[in-house]
Amino acid sequence: MASLSARMVEAADGGDGDLLSWVARYGDEGSCEEALMRLRFPGGWACPRCGNRRCSPVAGRPRKRQCTRCRLQFSVTSGTPMQGLRLPLPT
Ligand SMILES: [Zn+2]
């Protein structure tokens, strides 16, 4: 069922609506991104291309990070199961 799987991908991808509510709770997008990074990579981020464990924000590209070694760019939110991230937030 193509339409069903498409909807599942859409749900798993989350969306700006969810992210915006996060930003509202965290006050600014930077700390929201840090929280997302910690949730997505509990053991710490590692570059899928070179294995480097350091990344930095991309200027002018909100929610994007860049490997400090090979400069691979990735989105903090892509592929995030946002529905799973609504759990332990203090209100
Ligand atoms: Zn890298």
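This is a predicted model, so every value here is computed, not measured.

Draft legend 1. Representation of the nonpolar core within the structure. In terms of nonpolar packing, the biggest core is built from nine residues, these being Cys 32, Leu 36, Met 37, Trp 45, Cys 47, Cys 67, Leu 72, Phe 74 and Val 76. With three residues, the single largest contributor to this core is helix α3 (residues 29–40). Met 37 has contacts with Trp 45, Cys 55, Arg 65, Phe 74 and Val 76, leaving out every residue within four places of it along the chain.

Draft legend 2. Geometry of the sheet that holds strand β2 (residues 64–67). Ordered in space as β1-β2-β3, the three strands form an open sheet in which the pairing is antiparallel. The open sheet has two edge strands with one neighbour each: β1 (55–57) and β3 (73–75). Averaged over all pairs of adjacent strands, the angle between strand axes in this sheet comes to 35 degrees, irrespective of strand direction. Pairing of β2 with β3 involves three bridges; the strand directions are antiparallel. Across the sheet, the residue bridging to Lys 64 is Ser 75, located in β3.

Draft legend 3. How the structure looks around the coordination of the zinc ion. Note on the zinc ion: its protein donors are Cys 47 (SG), Cys 50 (SG), Cys 67 (SG) and Cys 70 (SG). The metal-donor distances range over 2.3 Å. For the zinc ion, the four donor atoms in the first shell make angles of 104 to 114 degrees at the metal, so the coordination geometry reads as tetrahedral. In primary sequence terms, the donor set of the zinc ion follows C-x2-C-x16-C-x2-C. Of this pair, Cys 47 sits in the loop between α3 and β1 while Cys 67 sits in strand β2; the two residues are 20 residues apart in sequence, bridging distant segments of the chain.

About the criteria used
- Residues numbered from 1 in each chain as written.
- Predicted model: local features only at pLDDT ≥ 70, side-chain atom pairs only at ≥ 80, totals over all residues.
- Heavy atoms only, no water.
- Core = buried A, V, L, I, M, F, W, Y, C linked by side-chain atoms within 4.5 Å.
- Buried < 20%, exposed > 50% of the residue type's maximum accessible area, 1.4 Å probe, protein only.
- Helix = DSSP H or I, 4+ residues; strand = E, 2+ residues; numbered from the N terminus.
- Contact = heavy atoms within 4.5 Å.
- Pairing = 2+ DSSP bridges.
- Axes fitted to C-alpha atoms, helices over the stretch in contact; angles between N-to-C directions.
- Donors = N, O, S within 2.8 Å, 3.2 Å for Na, K, Ca; no water.
- Tetrahedral: all angles 85-135°; square planar, octahedral: opposite > 155°, others 65-115°.

So, to be careful, I would describe these as geometric facts and stop short of saying anything about function.
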